[in-house]
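# Examination of the molecular architecture
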Amino acid sequence: GAVVSQHPSRVICKSGTSVKIECRSLDFQATTMFWYRQFPKKSLMLMATSNEGSKATYEQGVEKDKFLINHASLTLSTLTVTSAHPEDSSFYICSATSDAGTQYFGPGTRLLVL
Amino acid sequence: DQQVKQNSPSLSVQEGRISILNCDYTNSMFDYFLWYKKYPAEGPTFLISISSIKDKNEDGRFTVFLNKSAKHLSLHIVPSQPGDSAVYFCAASITGTYKYIFGTGTRLKVLA
């Protein structure tokens, strides 16, 4: 099946700093990538949808200036959490799709903001 | 408003028996449904999907049933194995929108 990687798998940062998370599709070209956030024992909440070469579409309630998304190529999307605060601590997961069907998920990134 | 619901947060099943995980949705526009399996601190792994033009799709030990009139789908795993122990999420989508709406998940524990 399609492989999606994320880096880093875990990051600890100080409050006020910015953190970048990378999402790569390793064996297919991802026309669309998605960023999700999961709180403990909760569902995956879609944050934004990004298409290669265009601006990301953010879900209601997600601050686009805080969660910067770049999809510069068909295999790479990045999520930057700017001026991170402890409430941003969460599990961030990306997914990618090459068509309108199945999304393939990365392994996730655990962010802890101190 | 939770458009996709999994009302059972957990389920325990004996090894070798059938596991049935349920999912309900409210939006009649959804026409594509998926099941994902997730281990702690990992991303979801795709299991099986079904389009609304079908009422059943089978892949090995996994079968998904869709009842459009009841807005209900279920995942059957038979026979259940200890390695199936994980959290299972159902997801619903409208073709062309690319967006998935996930349920809250059901934690399955298969007892050896």
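Anything mentioned here points back to the structure above.
Residues numbered from 1 in each chain as written. Chains lettered and ligands numbered in written order. Predicted model: local features only at pLDDT ≥ 70, side-chain atom pairs only at ≥ 80, totals over all residues. Heavy atoms only, no water.

### With respect to the overall build of chain A
Scanning chain A for helices and strands turns up 0 helices and 11 strands. In sequence order, chain A lays out its α and β elements as β-β-β-β-β-β-β-β-β-β-β. For a compact globule of 114 residues, the expected C-alpha radius of gyration is about 13 Å, and chain A comes in at 13 Å, within 12% of that figure. Counting all 114 residues of chain A, 50% fall into the buried class. (Helix = DSSP H or I, 4+ residues; strand = E, 2+ residues; numbered from the N terminus. Rg over C-alpha atoms; globule rule 2.2 N^0.38 Å. Buried < 20%, exposed > 50% of the residue type's maximum accessible area, 1.4 Å probe, protein only.)

### Thoughts on the sheet that holds strand E3 (residues 19–25) of chain A
Residues and elements named next belong to chain A. Sheet architecture is open: 4 strands sit in the order E1-E3-E8-E7, paired in antiparallel fashion. Each having just a single partner strand, strand E1 (4–7) and strand E7 (67–73) make up the two edges of the open sheet. Strand-to-strand twist across the sheet, computed as the mean angle between neighbouring axes with direction ignored, equals 15°. By the bridge criterion, 4 bridges tie E1 to E3 in an arrangement that is antiparallel. Residue pairing across strands places Val4 opposite Ser25, the latter belonging to E3. (Pairing = 2+ DSSP bridges. Axes fitted to C-alpha atoms, helices over the stretch in contact; angles between N-to-C directions.)

### Considerations on the sheet that holds strand E3 (residues 19–25) of chain B
Residue and element names in this part refer to chain B. Sheet architecture is open: 5 strands sit in the order E1-E3-E8-E7-E6, paired in antiparallel fashion. Where the open sheet ends on each side, the last strands, each with one partner, are strand E1 (4–5) and strand E6 (56–59). Here E3 runs beside strand E8 (residues 72–77); their pairing, made up of 6 bridges, is antiparallel. Residue pairing across strands places Cys23 opposite Leu73, the latter belonging to E8.

### Considerations on the interface of chain B and chain A
Taken together, the contact between chain B and chain A spans 17 residues of the former and 22 residues of the latter. Between chain B and chain A, the buried area comes to about 1600 Å², and carbon and sulfur atoms account for 61% of it. Between Glu59 of chain A and Lys99 of chain B there is a salt bridge, with the nearest N and O atoms lying 3.1 Å from each other. At the surface where chain B touches chain A, the tally comes to 8 residue pairs in polar contact (both at pLDDT 80 or more). Contributing elements (two or more residues each) for the side of chain B that touches chain A: strand E4 (32–38) and strand E10 (100–102) of chain B. Ranked by residue count, the leading element in the side of chain B that touches chain A is E4 of chain B, at 4 residues. Grouping the constituent residues of the side of chain B that touches chain A by class yields 10 nonpolar, 4 polar and 3 charged. (Contact = heavy atoms within 4.5 Å. Buried area = accessible area lost by both parts, 1.4 Å probe. Salt bridge = Lys/Arg side-chain N within 4 Å of Asp/Glu carboxyl O. Polar contact = N/O pair within 3.5 Å; in protein donor to acceptor, adjacent residues only side chain to side chain. Nonpolar A, V, L, I, M, F, W, Y, C, P; charged D, E, K, R; others polar.)

Take it as geometry only, folks, not as evidence of what the structure does.
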